[in-house]
Amino acid sequence: MNKYSSPVVMLSAGRKCEPNITDEQFKTCATLFSDNYGIWATNAPSPFRAYNKPAPNSESCLSAPGDSLTLTCSLEGDLVGHACVTKWRYQEGEGYLLQYIGWVTQLVVDSRHRRQHIATDMLRMLKQHRSWFDHVNMIGIASSHPPACNSLCNLFDGDTRDVDLGCISQHAAAALLASPIPYLREAPPQGALAGVPGGSYSANTSFFVDHAAPLEILKTYVENGKWAFWGLLDGHEFLVLIPVPGRSS
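Colleague: Any details on the pattern of salt bridges? Residues and values, ideally.
Modeller: Inspection of the entire model under this criterion finds four salt bridges. Of the charged contacts in the structure, one is a salt bridge between R124 and D157, with a shortest N-O distance of 3.1 Å. Of this pair, R124 sits in helix α3 (residues 118-124) while D157 sits in the loop between α5 (146-154) and α6 (165-177); the two residues are 33 residues apart in sequence, bridging distant segments of the chain. Relative accessible area serves as the criterion here: at 32%, R124 is assigned to the partly exposed category. Across the pair E216 and K219 runs a salt bridge, and its minimum N-O distance is 3.7 Å.

Below, the structure written as structure tokens:
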């Protein structure tokens, strides 16, 4: 078995959870990530990778094993989604309480099975893992995909329309700087998070995937009044932080 404790969510007639995930399942997650996360933008710097998000089972993605979980979703025996999550301690300046922030480092759903609440269902499984979840004050994600951002907001029955932008502005820089995940720690907050009026709530992760499909989806969010993060520059990802209800942040 793999060293990471990871529940397996079976979305079929009769859902069940299992305590661990095998090395073979991690390989399948890596394939799902490669096949479905996105394609490189034509303006991606040379070499073809400016910053490639780490594959599942990499400690640069999952951080310390004891602070990480991998959740997978299968339908009729086939993997259709996975979520890698981790957490770390951080302190927002002198005199502030030491807190844990949880982070979704990967959230992937097979393109043939999207818009079925699979991502939201996987994230909601976190609430069942009390030893991981109980000390987390906030949970974040960096993603160019509006549905991924919305899935995180759905964790506590919210959405991208009513997210607390003040919370993101207050904590984003310190949370990223404290991260043990290299691509997050080295990603400077951008736009509104860097003090630019009317700018996006994003971070420069230098992840140059083609934004054509995500931006097309973004249009529907904007048209329906469900988007608060503005637009997105090449190589950037939206940065979402949501407080856990009932806990100080």
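There's plenty left to go through after this.
Colleague: Summarise the confidence of the model for the chain; cite the residues concerned and give the values.
Modeller: This prediction gives the chain a mean pLDDT of 76; 75% of its residues lie at or above 70. Under a pLDDT of 50 for its full length, residues 1-19 has, in the predicted model, 62 contacts with residues more than four places off or in other chains. With pLDDT under 50 throughout, residues 44-52 is counted as low confidence; its partners more than four residues away or in other chains account for 16 contacts.

Colleague: Could you give me a rundown of the state of the cysteines, with the residues and numbers involved?
Modeller: For the coordinates displayed, the defined rule picks out zero disulfides. Here C149 stays free of any disulfide, with the sulfur of C153 as its closest cysteine sulfur at 7.2 Å.

Colleague: Can you break down the nonpolar core residue by residue, with the values?
Modeller: In this structure, W103, L107, I139, L152 and V240 are the most contacted members of the largest nonpolar core, which totals 57 residues. One finds C29, F33, L79 and V108 within the second-largest nonpolar core, a separate group that totals five residues.

Colleague: Outline the packing of α5 against helix α8 (residues 212-223), supporting the account with residue identities and numerical values.
Modeller: Contact geometry of α5 with α8 gives a least axis separation of 9 Å together with a crossing angle of 50 degrees. By the angle between their axes, α5 is oblique relative to α8. Within the contact between the two elements, α5 uses P146, P147 and N150 and α8 uses P214, I217, L218 and Y221. Each residue belonging to the contact of α5 with α8 can be placed in one class, and the counts come to six nonpolar, one polar and no charged.

Colleague: With reference to specific residues and values, describe the pairing of strand β6 (residues 136-143).
Modeller: Among the eight residues in β6, eight count as buried, and that is most of the element. Summarising the sheet, β6 and strand β9 (residues 237-243) pair through six bridges and their orientation is antiparallel. Bridging across to β9, I139 finds its partner in I242.

Scoring rules and cut-offs
- Residues numbered from 1 in each chain as written.
- Predicted model: local features only at pLDDT ≥ 70, side-chain atom pairs only at ≥ 80, totals over all residues.
- Heavy atoms only, no water.
- Salt bridge = Lys/Arg side-chain N within 4 Å of Asp/Glu carboxyl O.
- Helix = DSSP H or I, 4+ residues; strand = E, 2+ residues; numbered from the N terminus.
- Buried < 20%, exposed > 50% of the residue type's maximum accessible area, 1.4 Å probe, protein only.
- pLDDT = per-residue confidence, 0-100.
- Contact = heavy atoms within 4.5 Å.
- Disulfide = S-S within 2.5 Å.
- Core = buried A, V, L, I, M, F, W, Y, C linked by side-chain atoms within 4.5 Å.
- Axes fitted to C-alpha atoms, helices over the stretch in contact; angles between N-to-C directions.
- Parallel < 35°, antiparallel > 145°, perpendicular 65-115°, else oblique.
- Nonpolar A, V, L, I, M, F, W, Y, C, P; charged D, E, K, R; others polar.
- Pairing = 2+ DSSP bridges.

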